[in-house]
Amino acid sequence: MKMKLVMALTALVMVTGCATSRSVVSVGAQGSYNNANPAEGVAVKIETVDARTFEMKPPTPDIPSLKDGAITNQATTSRAIGRKRNGYGRALGDILLPEGQTVAQVAGDAIEHGFRQSGYRVLKTGDAGYEQAISVSAKIKQYWAWVDIGFWALTLHSRAEVVLTSSLAGLESGLVVQSEAQKQSGAAFETDWQDIATKGLTELTSEIAKKLPRQTVAH
């Protein structure tokens, strides 16, 4: 029994050691992201908007919040991707993207790659044919990471929800795409938060590719 208590307290220390401070982690493109535009196919231009809702004291940890309560500070909320908790489930320090990187950008990359995997040509400003490309609105309703603390281990979660609206067939009324990733760990270090946040984006790409009306890709 003493051994179990020692292990539980050790896990608690590993969770709370730096839990009160704000951590900055980057999320990057995965190998599956490195897919070029198809040679042919419907051309789209995607506008991604961060439409998440933050709460001061949310009833559950999957709802975005900030330690200092600055939930109307867009400079901070645009970079916020998670919230730490101690062994009792109390919300503590924030998890933010680095300066210059936003949720709209990283989630936008994941969305674009989902379209490419489904055979669409995603064009950027300045690309040939950009003005004629079909517009797609991508609203990020959820992209958040949190931790559930068990007796022996932690489970990190990342959940995403995006609404895609366009004149494209199947998207006229808004196509809702949801994804979730999980990771079990003995502690929640910054590298663990980075892993789960990145995994969440990879899952979002995969789900978008599954749900979009597929285009024929030229070979």
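Whatever comes next refers back to the structure up there.
Caption draft 1: Layout of the pairing of strand β3 (residues 80–85). With 6 of 6 residues buried, β3 lies mostly within the body of the structure. Sheet analysis places β3 next to strand β4 (residues 91–96), joined by 4 bridges and oriented antiparallel. Paired with Gly 82 across the two strands is Ile 95, which belongs to β4.

Caption draft 2: Geometry of the pattern of salt bridges. Considering all chains together, one arrives at 11 salt bridges under this definition. Between Asp 192 and Lys 183 there is a salt bridge, with its nearest N and O atoms 2.9 Å apart. Residue class for Asp 192 comes out buried when judged on its relative accessible area of 8%. Connected through salt bridges with shared partners, the residues Arg 22, Asp 68, Arg 83 and Asp 94 form a single ionic network.

Caption draft 3: Representation of helix α3 (residues 103–117) in the model. For α3, spanning 15 residues, the distance from its first C-alpha to its last is 21 Å, which sits close to the expected 21 Å at 1.5 Å a residue. Most of α3 sits out of view: 11 of its 15 residues are buried. Close packing links the buried residues of α3 with β2 (43–50), β3, β5 (121–122), β6 (134–149), β7 (154–166) and α4 (190–211).

Caption draft 4: View of the side chain of Ser 158. In this fold, Ser 158 is placed in strand β7. Residue class for Ser 158 comes out buried when judged on its relative accessible area of 2%. The residues contacting Ser 158, other than those within four sequence positions of it, are Tyr 143, Trp 144, Ala 145, Ser 179, Glu 180, Ala 181, Ile 196, Ala 197 and Gly 200.

Conventions used here
- Sequence positions are assigned chain by chain, starting from 1 and proceeding in written order.
- Totals for whole chains, interfaces and linings use all residues, but because this is a predicted model, local features are given only for residues with pLDDT of at least 70 and pairs of side-chain atoms are given and counted only at 80 or more.
- Hydrogens are left out, water is left out, and the side-chain values use all remaining heavy atoms of the structure.
- A simple rule labels every residue: compare its accessible area, found with a 1.4 Å probe on the protein chains alone, to the largest value its type can have, and call it buried under 20%, exposed over 50%, or partly exposed in between.
- Secondary structure elements follow DSSP: runs of H or I of four or more residues count as helices, runs of E of two or more count as strands, with numbering from the N terminus.
- When DSSP locates at least two bridges between a pair of strands, those strands are taken to pair.
- Criterion for a salt bridge: a side-chain nitrogen of Lys or Arg within 4 Å of a carboxyl oxygen of Asp or Glu.
- The span you would expect from a helix comes to 1.5 Å times its residue count less one.
- For this analysis, residues touch if any pair of their heavy atoms sits within 4.5 Å.

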